[in-house]
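Structural characterization, general
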Protein chains: 2
Amino acid sequence: MDSNRILKIGLFGFGCVGQGLYDILERETQLPFQIEKICVKDPTKVRPLSPEYFTYDAEEVLQDDRLDLLVEAISDAQEAYQIVTAALRKGKRVVTANKKLVAFHLPELLALQQEFGGVLLYEAAVAGGIPIIRAVEEYFANEPLVRVHGILNGSSNYILSQIFQQQKPYHEALKEAQDKGFAELDPWLDVAGADSRHKLCILTAHAFGRTLAPEEVAFFGIDFLGQRDLDFAKHNNSSIKLIASVHVTPEGELVPLVLPSLVKATDDLNVVEQEFNGVVVQGAYSGPQLFKGRGAGGHPTGAAVLSDVISISKDYQYGYRKLNQTLRIPALALDHTLEVYLRTSDPALFDTLELEHQQIIECAPDAEAVVGTVTLGNLVQHQDKIREAGAFILALSSDFTKTKVQKQEKAEAVLS
Amino acid sequence: MDSNRILKIGLFGFGCVGQGLYDILERETQLPFQIEKICVKDPTKVRPLSPEYFTYDAEEVLQDDRLDLLVEAISDAQEAYQIVTAALRKGKRVVTANKKLVAFHLPELLALQQEFGGVLLYEAAVAGGIPIIRAVEEYFANEPLVRVHGILNGSSNYILSQIFQQQKPYHEALKEAQDKGFAELDPWLDVAGADSRHKLCILTAHAFGRTLAPEEVAFFGIDFLGQRDLDFAKHNNSSIKLIASVHVTPEGELVPLVLPSLVKATDDLNVVEQEFNGVVVQGAYSGPQLFKGRGAGGHPTGAAVLSDVISISKDYQYGYRKLNQTLRIPALALDHTLEVYLRTSDPALFDTLELEHQQIIECAPDAEAVVGTVTLGNLVQHQDKIREAGAFILALSSDFTKTKVQKQEKAEAVLS
């Protein structure tokens, strides 16, 4: 693009992210960008800007050829899908922060860019202000990766920090996260692990060259976390973090999973507290690298969107090198086993999941908890049942690559 | 470059980094690179490769027009300077891992690239395998940065970890760092803070748009760390880390400094242990971001060199946006004050440094220690005197941006 003139941005949505971007551009007057038009939904809402900025008709922005690029920052993934695909069909340059949109439609979004010559960037969709897609895309593009795992949801991490550091009850902590603006409109996305799953799908495409359908990924959250589970974590000198992880097995298969996990004080992710996000990229040669930063909030997310805006104006686009270079799309390692703690009031679940090496943990009479090993395949297949039963499931170690049951660890894991 | 053929690399040096690169290229056979010729110094040394790879004449490699790019991985900065400048004069593409070379000659290296059309990349020169230059160059190029600070020397950090975690004596820990290959050929560079200073100069150019002459930066190390200082740290519930830091003051001036510092358990850098490096980039909008990874070793550093090799083959070059966009080169804030602990057997030093708000700490009879405030200017001006006196100086807080003396902290800082 011509860099000697002010580039005009069409913005969809004026919530936390949209306002964050607007605010940064207002302050950084040397940046050659100007928000020209903002498409919002609710005409009755009072807004901090003059009305001529706003329109309620997406077509008005999509059709406006004076606009150099579009930024999509609305929370509804279905509406975002309509807008982004329509824009890509016109060959536009689009920046989005919508992880659900990208996770569910990446193959189509790639095909549309190819067919119509548009470009889509979405750094803000994963881990807020942390440049993790860019790092994996550019810096680790040619190094085989062993594992990418992290804390990808600021809201649930904030809740867990409040529970473990401040001894606050779950619902009070959730309310706080919502009041502070860390939570999604639908908090279930945060606390049940679905939002983390979306982000994990995106990371997997860039890091391991496979576009996962979200349905392929088992996800579990902290929404059923109870006192019994907190006691178990404390007994094991651990806290609990909601970890999204994908690693490649020695056979070249992938293990993608979102699962609460016991986390020791020595764990890299243990330092990721409050609304922060953290990602560990483990390269075959460079070793584990931790990226930690703000995963939510208007300014951090707005800064990530701005970084994409600048890159897209300089003709940058993702290379998807792992996706394009991968000769054989890696399969999922459905027989990979993990050691988990499972508490449920429906003991039939233990058999459904084919838990092996079971050890019963003394428990409240209305519920039962065991530790045992379970395969990834069974977690994927029966994840809805686990959720419906209101069961709480927890990895005994944040190292999901471990497959062997360590006798000593098992002994420790059992409450006496 | 033509990406359909194998690109030929001329390599200078076959130590830790050179062998790391060679090893990775041997294993990753899909990568279109081949080391064609290796220039080494010592003809008598037994090497793990067939002799026809090697030459002892740098000119032979520099003159060889079949080579697509050059990698400089020798430890002597003066020889590296001769090789890299000669190569840039021929308009070659060069990757270097030599931080001292880049720190001392960046303006000249930039001018040579401009004049002769060559390219120089040096990601491996700062923080080993962590893509920190790339992140600052690309991702934070347009966001004003507030501070960049970190642990940039793996050898001294390894030593400090051994001292604080394992209660090992300093010289035993230093020997171990050397045996493990983390240390520079001249360990003074590591432990006295000079190596960290070189890296800080490079980061400052990319992050704040000023090329610093290393002489402008005060640096202090851990080479005079004594039991008395360890006791002081423990009394303050802190460990000691060697921190390289540059921040911008509210007046827009820079404070670059390498200084051991008390580090609390809650500090972002407290989790950077052993030979790991860690860098915190604090953006005006994105907030603090921690990057932690291996700062030393053949494979991590080799992976960083490889990432540059691939980028340079795809015509990437640093944009130096902050350097080029900065209208007014920021001055150094020589009147910025820091609160320090200083132990020396030469009490005249307290007056030389014009230490203010002095509080004497009860001490061994042959030495005296105080806490007080000192200006950056006095640290720069008198740094040689402090080193010559064998004094140990320590920041009381890892937040070098603080200027006000906090009464309560001072009280805590004084041993009773």
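Residues numbered from 1 in each chain as written. Chains lettered and ligands numbered in written order. Predicted model: local features only at pLDDT ≥ 70, side-chain atom pairs only at ≥ 80, totals over all residues. Heavy atoms only, no water.

Turning to the sheet that holds strand S3 (residues 54–55) of chain A, a few remarks are in order. All names here are of chain A. What the six strands build is an open sheet, ordered S3-S2-S1-S4-S5-S6; its pairing is parallel. Where the open sheet ends on each side, the last strands, each with one partner, are S3 and strand S6 (119–121). As paired elements, strand S1 (residues 7–12) and strand S4 (residues 69–72) share four bridges and run parallel to each other. When the bridges of S4 are listed, Gly10 appears paired with Leu70. Here helix H11 (residues 298–313) sits on the sheet in contact with S1, strand S2 (33–39), S4, strand S5 (93–96) and S6, set at roughly 165° to S5. (Pairing = 2+ DSSP bridges. Helix = DSSP H or I, 4+ residues; strand = E, 2+ residues; numbered from the N terminus. Contact = heavy atoms within 4.5 Å. Axes fitted to C-alpha atoms, helices over the stretch in contact; angles between N-to-C directions.)

Residue and element names in this part refer to chain B. For the pair helix H4 (residues 99–116) and helix H9 (residues 194–208), interaxial distance at closest approach is 8 Å and the crossing angle is 50°. One way to sum up the angle between H4 and H9 is to call them oblique. In this structure, H4 meets H9 at a crossing whose hand is left-handed. Of H9, the residues touching H4 (which contributes Lys99, Lys100, Val102, Ala103, Phe104 and Leu106) are Asp195, Arg197, His198, Lys199, Cys201, Ile202 and Ala205. (Parallel < 35°, antiparallel > 145°, perpendicular 65-115°, else oblique. Left-handed = near helix turned anticlockwise from the far one by under 90°.)

In this section: the packing of helix H3 (residues 77–89) of chain B against H4 of chain B. All names here are of chain B. Where H3 contacts H4, the two axes come as close as 10 Å, and the packing angle between them is 10°. Taken together, the axes of H3 and H4 lie roughly parallel to each other. The residues of H4 that touch H3, namely those facing Ala77, Ala80, Tyr81, Val84, Thr85, Leu88 and Arg89, are Lys100, Leu101, His105, Glu108, Leu109, Leu112, Gln113 and Phe116.

We now examine the pattern of salt bridges. Here the structure, examined in full by the defined rule, presents 41 salt bridges over all chains. Note that Arg134 of chain B is salt-bridged to Asp308 of chain B, the shortest N-O span being 3.0 Å. With Arg134 of chain B in helix H5 (residues 132–139) and Asp308 of chain B in helix H11 (residues 298–313), the pair connects residues that are 174 residues apart, well separated along the chain. For the pair Arg134 of chain B and Asp308 of chain B, a shared accessibility class is recorded, and that class is buried. Two residues, Lys175 of chain B and Asp179 of chain B, come together in a salt bridge whose shortest N-O distance is 3.0 Å. In this pair, Lys175 of chain B and Asp179 of chain B are both assigned in helix H7 (residues 170–179), four residues apart and thus about one turn of the helix distant. Note on Lys175 of chain B: relative accessible area 47%, which makes it partly exposed. Look at the salt bridges and you will find they share partners, linking Glu36, Asp64 and Arg66 of chain A into a network. (Salt bridge = Lys/Arg side-chain N within 4 Å of Asp/Glu carboxyl O. Buried < 20%, exposed > 50% of the residue type's maximum accessible area, 1.4 Å probe, protein only.)

This part takes up the state of the cysteines. Covalent bonding between the sulfur atoms of two cysteines defines a disulfide. All names here are of chain A. Within the structure shown, the criterion is met by zero disulfides over all chains. The cysteine Cys16 is free of any disulfide, with Cys39 supplying the nearest cysteine sulfur at 18 Å. The class for Cys16 is partly exposed, based on a relative accessible area of 43%. (Disulfide = S-S within 2.5 Å.)

Another aspect to go through is the side chain of His382 of chain A. By the secondary structure assignment, His382 of chain A is in helix H14 (residues 376–388). When sequence neighbours within four positions are dropped, the list of residues in contact with His382 of chain A reads Thr352 and Leu353 of chain A.

Right, let's talk about the side chain of Glu28 of chain B for a bit. As for its placement among the helices and strands, Glu28 of chain B is situated in the loop between helix H1 (16–27) and strand S2 (33–39). Summary of buried charges: Glu28 of chain B has no salt-bridge partner, and the nearest side chain of opposite charge, Arg27 of chain B, is 7.0 Å away. When near neighbours in sequence (up to four residues on either side) are disregarded, Glu28 of chain B contacts Pro144 and Tyr285 of chain A. (Lys, Arg positive; Asp, Glu negative; His and termini not counted.)

Turning our attention to the confidence of the model for chain A. Residue and element names in this part refer to chain A. On average, residues of chain A score 92 in pLDDT, and 94% of them reach the 70 mark or higher. Residue range residues 405–416 is modelled with pLDDT below 50. Its contacts to residues more than four positions away, or to other chains, number 25 contacts. We note a pTM of 0.92 for the whole complex and an ipTM of 0.90 for its interfaces. (pLDDT = per-residue confidence, 0-100.)

A few words on the sheet that holds strand S6 (residues 119–121) of chain B. By definition, the strands of a sheet pair up through backbone hydrogen bonds, in either a parallel or an antiparallel sense. Residue and element names in this part refer to chain B. Within the open sheet, the six strands sit side by side as S3-S2-S1-S4-S5-S6. Their pairing is parallel. Both edges of this open sheet fall to strand S3 (54–55) and S6, since each of them pairs with a single strand only. Sitting on the sheet, H3 touches strand S1 (7–12), strand S4 (69–72), strand S5 (93–96) and S6, and the angle it makes with S4 is about 165°. Its contacts with the sheet put H4 on S4, S5 and S6, and the angle it makes with S6 is roughly 155°.

Given two aromatic rings, one states the distance between the centres and the angle between the planes to describe the pair. Across all of its chains, the model carries 21 aromatic pairs over all chains by this definition. Residues Tyr316 of chain A and Tyr318 of chain A carry aromatic rings whose centres are separated by 6.0 Å and whose planes lie at 85° to one another, so their mutual orientation is edge-to-face. Judged by relative accessible area, Tyr316 of chain A falls into the buried class, the value being 18%. Judged by its relative accessible area of 6%, Tyr318 of chain A is buried. Consider the rings of Tyr139 of chain B and Phe140 of chain B, whose centres lie 5.2 Å apart with planes at 90°: the pair is edge-to-face. (Phe/Tyr/Trp six-rings, centres within 6.5 Å; stacked < 30°, edge-to-face > 60°.)

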